Structure formats: C-alpha cells, structure tokens
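# A closer look at the structure
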Amino acid sequence: DGGITQSPKYLFRKEGQNVTLSCEQNLNHDAMYWYRQDPGQGLRLIYYSQIVNDFQKGDIAEGYSVSREKKESFPLTVTSAQKNPTAFYLCASSGSSVFYEQYFGPGTRLTVT
Amino acid sequence: LAKTTQPISMDSYEGQEVNITCSHNNIATNDYITWYQQFPSQGPRFIIQGYKTKVKNEVASLFIPADRKSSTLSLPRVSLSDTAVYYCLVGPSRGSTLGRLYFGRGTQLTVWP
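Everything in this summary refers to the structure shown in the same document. (Residues numbered from 1 in each chain as written. Chains lettered and ligands numbered in written order. Predicted model: local features only at pLDDT ≥ 70, side-chain atom pairs only at ≥ 80, totals over all residues. Heavy atoms only, no water.)

### Digging into the overall build of chain A
- A tally of regular secondary structure across chain A gives zero helices and 11 strands.
- Against the globule reference of 13 Å for 113 residues, chain A gives a C-alpha radius of gyration of 13 Å, in line with a compact fold.
- A principal-axis box enclosing the C-alpha atoms of chain A has dimensions of 40 × 25 × 25 Å.
- The 113 residues of chain A split such that 50% are buried.
- A separation of at least 24 residues holds for 53% of the contacts in chain A among residues at least 6 apart in sequence.
- Of the accessible surface of chain A, which amounts to about 5400 Å², a share of 47% is contributed by carbon and sulfur atoms.
- Where the 11 positive side-chain charges of chain A centre and where its 11 negative ones centre are 8 Å apart. (Helix = DSSP H or I, 4+ residues; strand = E, 2+ residues; numbered from the N terminus. Rg over C-alpha atoms; globule rule 2.2 N^0.38 Å. Buried < 20%, exposed > 50% of the residue type's maximum accessible area, 1.4 Å probe, protein only. Contact = heavy atoms within 4.5 Å. Areas by Shrake-Rupley, 256 points an atom, 1.4 Å probe, with all protein chains shown as cover. Lys, Arg positive; Asp, Glu negative; His and termini not counted. Charge placed at Lys NZ, Arg CZ, Asp CG, Glu CD.)

### Some thoughts on the packing of aromatic side chains
- Tallying each qualifying case throughout the model produces 12 aromatic pairs over all chains.
- When the centroid spacing of 5.6 Å and the interplanar angle of 85° are considered together, the rings of Tyr35(A) and Phe103(B) count as edge-to-face. In this pair, Tyr35(A) sits in strand S4 (residues 31-37) while Phe103(B) sits in the loop between strand S8 (84-91) and strand S9 (107-112), so the two residues belong to two different chains.
- A relative accessible area of 8% means that Phe103(B) is categorised as buried.
- Among the aromatic residues, those joined into a ring-pair cluster are Tyr33(A), Tyr35(A), Tyr48(A), Phe104(A), Tyr36(B), Phe46(B), Tyr87(B) and Phe103(B).
- Across from the ring centre of Phe88(A), 4.5 Å away, lies the NZ or CZ of Arg109(A), which sits over that ring.
- Lying over the aromatic face of Tyr51(B), Arg68(B) brings its terminal NZ or CZ to 3.9 Å of the ring centre. (Phe/Tyr/Trp six-rings, centres within 6.5 Å; stacked < 30°, edge-to-face > 60°. Lys NZ or Arg CZ within 6 Å of the ring centre and 35° of its normal.)

### What about the sheet that holds strand S2 (residues 18-23) of chain B?
Residue and element names in this part refer to chain B.
- As summarised here, the arrangement of the four strands in space is S2-S7-S6-S5, forming an open sheet in which the pairing is antiparallel. The two strands at the open ends of the sheet, each matched to only one other strand, are S2 and strand S5 (53-56). Along the sheet, successive strands turn relative to each other by an average axial angle of 15°, direction set aside.
- Where S5 lies against strand S6 (residues 61-64), four bridges are found, and the strand directions are antiparallel. Looking at the pairing, Val 55 lines up with Leu 62 of S6. (Pairing = 2+ DSSP bridges. Axes fitted to C-alpha atoms, helices over the stretch in contact; angles between N-to-C directions.)

### A few points about the interface of chain B and chain A
- Chain B puts 24 residues into the contact, and the matching count from chain A is 25 residues.
- Taken together, the two surfaces of chain B and chain A that pack against each other cover about 1900 Å², and 50% of this comes from carbon and sulfur.
- Scanning the region where chain B abuts chain A turns up zero salt bridges.
- In this structure, the connection of chain B to chain A is made through five residue pairs in polar contact (both at pLDDT 80 or more).
- The element contributing the most residues to the side of chain B that touches chain A is strand S3 (residues 32-38) of chain B, with three residues.
- Taken together, the residues of the side of chain B that touches chain A break down into nine nonpolar, 12 polar and three charged. (Buried area = accessible area lost by both parts, 1.4 Å probe. Salt bridge = Lys/Arg side-chain N within 4 Å of Asp/Glu carboxyl O. Polar contact = N/O pair within 3.5 Å; in protein donor to acceptor, adjacent residues only side chain to side chain. Nonpolar A, V, L, I, M, F, W, Y, C, P; charged D, E, K, R; others polar.)

### Re the sheet that holds strand S8 (residues 76-78) of chain A
Residues and elements named next belong to chain A.
- Ordered in space as S1-S3-S8-S7, the four strands form an open sheet in which the pairing is antiparallel. A strand with exactly one partner marks an edge of an open sheet, and here the two such strands are strand S1 (4-7) and strand S7 (64-66). Sheet twist, expressed as the average angle between the axes of neighbouring strands with direction ignored, equals 20°.
- Bridge count for strand S3 (residues 19-25) against S8 is three bridges, and the pairing is antiparallel. What sits directly across from Leu 21, in S8, is Leu 76.

### So, unusual backbone geometry
- Going from Ser7(A) to Pro8(A), the amide bond is cis rather than trans, its omega being -10°.
- Inspection of the secondary structure assignment puts Pro8(A) in the loop between S1 and strand S2 (10-13).
- Of note, the phi angle at Ser41(B) is positive, near 60°, even though the residue is not glycine.
- Among the structural elements, Ser41(B) can be located in the loop between S3 and strand S4 (45-50).
- Overall, the relative accessible area of 42% leaves Ser41(B) in the partly exposed class.

Worth remembering: the numbers are spatial, not functional.
Have a look at this one:
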C-alpha cells in the first residue's frame, strides 16, 4: 500500500536532548512537509522540501532541522534549542505542482519533560 | 496569501445536511479554495477543491459564489463519523511554485445521535 509512515507514534524525551522524527513515503512525491499541531490549534508549517537536497523554512523553523537526502525520506530533528517541543508532529507529501492536495502521515506525539 | 475566517464550532444531528461557510475576502485571482478534514490524533485529509461555482464529489459539495469572497462546504446527511475539524484553505493552485498551505484553526463539527 502506498502511503506515508511516521515513527514512532509516541516519543518521550528529557529536556536538553535532541530527537529525530522519521518520515517515509512511497508515493513517489517530490514535495514533503513537516507541521506542528498544538492542542486546539491548527497546523503550523516547520519546514518543507520541494525536491531532493533542497528545503525551505516554514513559519516556525527555529529549533528544528531537516534533511532531504532521498526522495522518500524527510527526517525532522527537534533540537534542544526548541523551547516548547511537546506537540503533535505531522509529516505530509504531495506531487509537484499539486501542493493543495497533501497526504499526511499518522503523526508522532512528542512529549519532552 | 488570503486569510480565511470560519466558525470555531458547529453542532448537528445525524442525517442532517451541514453547511460550513468560510470567508476569504482577499482571495486572489489565481487562488483555489481547498477543504481538509481532520479526525483526532490523525493527519488532515483532503476533501475537495474548487475555483468557482459548484464542485461535487462522493464526500461533499463545495459552493463558491461569483465574487469568490466566501465558500460553503456542504456535507449531506452527516453521521457520527463526520465529527471532525474542517479546514478551509485558500492558496496555491495546480502549477503553482509556492509550495505551501496555511491551516487556520478550522471548524470543529460535532454530530450528535
């Protein structure tokens, strides 16, 4: 089945530690995205990548980093510089020039204490 | 990008038709209107997109008046499983190089038995 996978579903970390969230897609999509969602809020864009080896900052990129070495993979690292990392993280992908139709993964709920 | 305004919440009963209206007064000529649905602890799912007049698919209908300053998502005969948050987005269309979407807080639709 084609789709997007994110792992793990739940992640717990101590404050001060970096953590990397996985996102893999087998839809052959060029574009991939990372969003953050806080309780009762909409989605906020962290980073997006329209092609391999290229990515752009979204609205809340501070404290996060990404890489796009392969078309299928777009991992997100939440660094210790992110002041409020506890959130629901969603990865998405879309075909090139079809950005309005994004396919989302199941999400990773990160809790930092 | 055009800002959207939609009700924070709506209630309905099973079997009724639900209409969620979104206001987008500053919509640009090239902008399309897109709606997504999100269930708790899941990623959003694309529902429908349109430019003008009426668009219909197996899930919903989208009505857009001639001035395009608003749009209405219509869900026929809702069931309990339609309880979700519905997002109205205005932005990049097919072929756009902009490559991103803006999700607001959406409308929480609750369907009661």
